[in-house]
Amino acid sequence: MLFLGPDFAGNPLWWNGLAGIVLMRRGQTGGGTDGGQRWGWVVGGIQSESVLRVFFACALGATLLLAQPKPAQPGQLDASPALFTVMAALNAAGYDVDALSPNNHPLRAAITQHLRGRNLATVQELREYLERRKSGGRPLDLSRFISFALSVDGPPNFVYKFQPHEMPPDLAPLEGFDRLLTRFHKEAEMDKLWAEAQPAIDRLLETYQEPFIKTISEVNAYLRNPTSGYVGRRFQIFVELLAPPNQIQTREYKDDYYIVLTPAPAPQLDYLRYAYIRYLLDPLSFKFIASLEKKKPLIDLAQAAPALEEYYKTDFQLLTTASLAKAIEARLNKANGARMAETALKEGFILTPYFYEALAVYEKQEVAMRLYYPDLIEGIDLKKEDKRLQGVEFVAERATRTVKPAKVEQQSEIAGVFKTLEDAEDLYRLKKYAEAKPVFLRALQETPEKPLHAKAYYGLARIAVLQRDPELGVKLFEKVLDLEPDDTIRSLSHVNLGHLWRVNNEQEKAAEQYKAALAVKGISPAIRKAAEKALSEISQPEEKKEK
């Protein structure tokens, strides 16, 4: 019997973000899709029944336009309907961080006031949902919800792009948010609000576009990069008007590198430049990993830097890439370059001074960085760098930027029932079934939420089967299906029930379960393939008999 668990598709695979960028302002004609949704607008007056007309006219001082399907290009400066919906939902449910800041976009208050005035049922559910996810009196962790918005295909259904084993770890506490947001999107008529917001979004994008293009072009010219990236990679910048101001959030998921910018007095070009340089350099550190390994002993010299994040102290590739990126930033700043390189060194980016000097040689020749990179690495003299660092006084803390990026290299803390379920799954993966069982049972006592109960019962069902109690396994899998499981757990439960009935020679019942799995909207390709294969094997004897 083939028994499927959430990790059946293979081991976790994580890649640095890889992407290509095309910065362009969305035009007024054309056709296409963005995140699975078509978007755009046409010139014309807003319909008289628009509930936001008064708010927007006062806040924005402009007549709003209606939306019409229009194209999005892969890798561009744009806004995201998924981010827009997430922030609208959070604000409506009481998220008010920096709500009084003068740097907020007027759209944030306008849409929040409109949604709260409608007394939507899902808004009350969202309030309760968010309240349960606060811990220790601290405000809601916005970064998790940014991760969610970047990890789904977008409205109206907010389906995850990732397989279960690929999910970013900070999404674990957001179990069930996709379903709640789907209902909110429909009840709040977010498609209409998104359409009406397009003129405001477009005006902001227009102010960002020219300086961003100039910044990207400057980096491409320095690195002699002909195309803004590599084939199959994507560098995406989103501007979100409904989020608290003065924030920069970065994410690297598989082949996508995201930057999310919130309203600020001026475009944060310094951080954009650094992020884009990192995006271009990341693949080179993987390509020439053998050369980097020879220089790895230098990482010991970074351990004494108190301001340096721990992940740089344990990953020489990351440290080298960051050091080179800071050196390139310094070379591009003609006035303060030497001081920038010295500051980076004192913060713990130990190779920045070397790269700053070596890049002077690179600038005098014509080979592109992607080809010159191994020469830069080979030129690192371990003894010379050791001597350089002997007299360095590292700073206790790094100078604070005006706008702080949210770093995704650090995994968010997972607590409560989410930690309990994670611990139980870890024990299950180690085949410690007797130890995993009470942990799954404990999770049932830690939350009243049905989707989380479904996960716990799913774990118990798998253990029952593996401990040769198929009858209990059937009852537990059926219990899972009664508890609002997510699409992955639902489809896997149907497939496992199909296997159990099939082993018991109940072919008709087995076929029903496989068909039920295939009917799940969010079924993954791997689970679909398993269900289709099993269903085909059941039907084949009948076909032969007919022949």
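Before reading further, recall that the structure is shown in the block above.
This section reports on the structure supplied with the text. All values derive from a computational prediction rather than experimental measurement.

**Points about the pattern of salt bridges**
Move 1: Tallied over the entire structure, the rule returns 16 salt bridges.
Move 2: The partner of R144 in a salt bridge is D141, and the shortest N-O contact between them spans 3.6 Å.
Move 3: The exposure class of R144 is buried, given its relative accessible area of 12%.
Move 4: Linking E175 and R179 is a salt bridge whose minimum nitrogen-to-oxygen distance equals 3.8 Å.
Move 5: Looking at E175, the relative accessible area reads 8%, which means it is buried.
Move 6: A cluster of three or more residues bridged by salt bridges with shared partners is formed by E175, R179 and K455.

**Looking at helix α4 (residues 121-131)**
Move 1: Looking at α4, one finds that the buried residues are T122, V123, L126, Y129 and L130. Down the axis of α4, the buried set is contained in an arc of 120 degrees. They therefore lie on one face.

**A short note on the environment of D178**
Move 1: For D178, the location among the structural elements is in helix α6 (residues 177-187).
Move 2: When the C-alpha atoms of D178 and G154 are compared, they prove to be 9.9 Å apart, with 24 residues separating the residues in sequence.
Move 3: Ignoring sequence-local partners within four residues, the contact set of D178 consists of F148, N157, F158 and Y160.

**Some remarks on the pairing of strand β3 (residues 247-253)**
Move 1: Among the seven residues in β3, seven count as buried, and that is most of the element.
Move 2: Side chains Q247, Q249, R251 and Y253 project from β3 onto one buried face, and the interleaved I248, T250 and E252 project onto a second face that is buried too.
Move 3: Of the strand pairs in this sheet, β3 and strand β4 (residues 256-261) are connected by six bridges, and their pairing is antiparallel. The residue bridging R251 from the neighbouring strand is Y258, located in β4.

**Side note on the pairing of strand β2 (residues 235-239)**
Move 1: Counting buried positions along β2 yields five of five residues, so the element is predominantly enclosed.
Move 2: Judged by which residues are buried, β2 turns out to be covered on both faces: F235, I237 and V239 on one side and Q236 and F238 on the other are all buried.
Move 3: Here strand β1 (residues 77-78) pairs with β2 via two bridges, running parallel. Counterpart to L77 in the pairing with β2 is I237.
Move 4: As paired elements, β2 and β4 share five bridges and run parallel to each other. Note that in β4 the partner of V239 across the bridge is L261.

**Considerations on the environment of L204**
Move 1: Tracing the sequence through the fold places L204 in helix α7 (residues 190-223).
Move 2: Ignoring anything within four residues of it in the chain, the contact list for L204 reads V239 and L241.

**So, the packing of α7 against helix α8 (residues 269-287)**
Move 1: Across the interface, α7 lies against α8 with an axial gap of 10 Å and an inter-helix angle of 40 degrees. Between α7 and α8, the crossing angle belongs to the class labelled oblique. For α7 against α8, the interelement crossing comes out right-handed. Packed against α7, whose contacting residues are P211, F212, T215, I216, E218, V219, N220 and L223, the element α8 presents L269, L272, R273, Y276, I277 and L280 at the interface.
Move 2: The class makeup of the residues in the contact of α7 with α8 is ten nonpolar, two polar and two charged.

**Topic: unusual backbone geometry**
Move 1: In this model, P155 is joined to P156 through a cis peptide bond whose omega is 10 degrees.
Move 2: Inspection of the secondary structure assignment puts P156 in the loop between α5 (142-151) and α6.
Move 3: Its identity is not glycine, yet K431 carries a phi of approximately 65 degrees, on the positive side.
Move 4: Here K431 lies in the loop between α16 (416-429) and α17 (433-446).
Move 5: Under the relative-accessibility criterion, K431 is labelled exposed at 63%.

**Concerning the side chain of R251**
Move 1: Structurally, the position occupied by R251 is in strand β3.
Move 2: Among the polar contacts listed, one links the side chain of R251 to the side chain of S147, at a separation of 2.8 Å.
Move 3: A polar atom in the side chain of R251 sits 3.0 Å from the side chain of Q249.

**Comments concerning the packing of aromatic side chains**
Centre distance and the angle of the planes are the two values used to describe a pair of aromatic rings.
Move 1: Scanning the entire structure with this criterion turns up 21 aromatic pairs.
Move 2: Relative to W194, the ring of F84 has its centre 5.3 Å away and its plane inclined at 65 degrees; by these criteria the two rings are edge-to-face. On the criterion of sequence distance, the pair formed by F84 in helix α2 (residues 81-92) and W194 in helix α7 is long-range, its members being 110 residues apart. You'll find F84 and W194 in the same group, each marked buried.
Move 3: Seen in terms of ring centroids, F238 and Y258 are 6.0 Å apart; in terms of plane orientation they differ by 15 degrees. Their pairing is stacked.

**Thoughts on the packing of helix α3 (residues 106-117) against α7**
Move 1: Remark: α3 packs on α7, axes separated minimally by 12 Å, with the N-to-C direction vectors making an angle of 160 degrees. Considering their axes alone, α3 and α7 lie roughly antiparallel with respect to each other. When you trace α3 past α7, the crossing you get is right-handed. In this structure, α3 contributes L107, I111, H114 and L115 to the contact, and α7 contributes L193, A197 and A200.
Move 2: The residue inventory of the contact of α3 with α7, partitioned by class, reads six nonpolar, one polar and no charged.

**Examining the side chain of S285**
Move 1: Here S285 is to be found in helix α8.
Move 2: On the basis of relative accessible area, S285 is assigned to the buried category, the value being 2%.
Move 3: A distance of 2.8 Å separates a polar side-chain atom of S285 from the backbone oxygen of D282.
Move 4: In contact with S285, other than residues within four places in its own chain, are L292, Q317, T321 and Y373.

Parameters at a glance
- Here the residue numbering is sequential within each chain, running from 1 through the sequence in written order.
- With the structure being a predicted model, the display of local features is reserved for residues of pLDDT at least 70 and the display and counting of side-chain atom pairs for 80 or more, all residues being used for whole-chain, interface and lining totals.
- Neither water nor hydrogens contribute to the side-chain values; these are computed over all heavy atoms in the structure.
- A pairing counts as a salt bridge when a side-chain nitrogen of Lys or Arg comes within 4 Å of a carboxyl oxygen of Asp or Glu.
- With a 1.4 Å probe rolled over the protein chains alone, any residue whose accessible area is under 20% of its type maximum counts as buried; one over 50% counts as exposed, and the rest are partly exposed.
- A run of DSSP states H or I qualifies as a helix once it reaches four residues; a run of E qualifies as a strand once it reaches two. Both are numbered from the N-terminal end.
- Directions drawn from the helix axis to the C-beta atoms are what define this arc.
- Any two residues whose heavy atoms approach within 4.5 Å are treated as being in contact.
- A strand pair is defined by DSSP finding two or more bridges across the two strands.
- Lines fitted to C-alpha atoms define the axes here, with helix axes fitted over just the stretch in contact, and angles between the N-to-C directions of these axes take values from 0 to 180 degrees.
- Oblique is the label for every angle not falling under 35 degrees (roughly parallel), over 145 degrees (roughly antiparallel), or within 65 to 115 degrees (roughly perpendicular).
- Definitions for this section: a left-handed crossing has its near helix turned counterclockwise from the far helix by less than a right angle. A right-handed crossing has that turn clockwise.
- Amino acids outside the nonpolar list (Ala, Val, Leu, Ile, Met, Phe, Trp, Tyr, Cys, Pro) and the charged list (Asp, Glu, Lys, Arg) are all regarded as polar, and Gly is one of them.
- Definition of a polar contact: a pair of N or O atoms within 3.5 Å, with one able to donate and the other able to accept a hydrogen when the atoms are protein atoms, and with sequence-neighbouring residues admitted only if both atoms are side-chain atoms.
- Between 30 and 60 degrees the pair is tilted, below 30 it is stacked and above 60 it is edge-to-face, where a pair is any two Phe, Tyr or Trp rings, Trp via its six-membered ring, whose centres lie within 6.5 Å.

Purely geometric numbers; function is a separate question.
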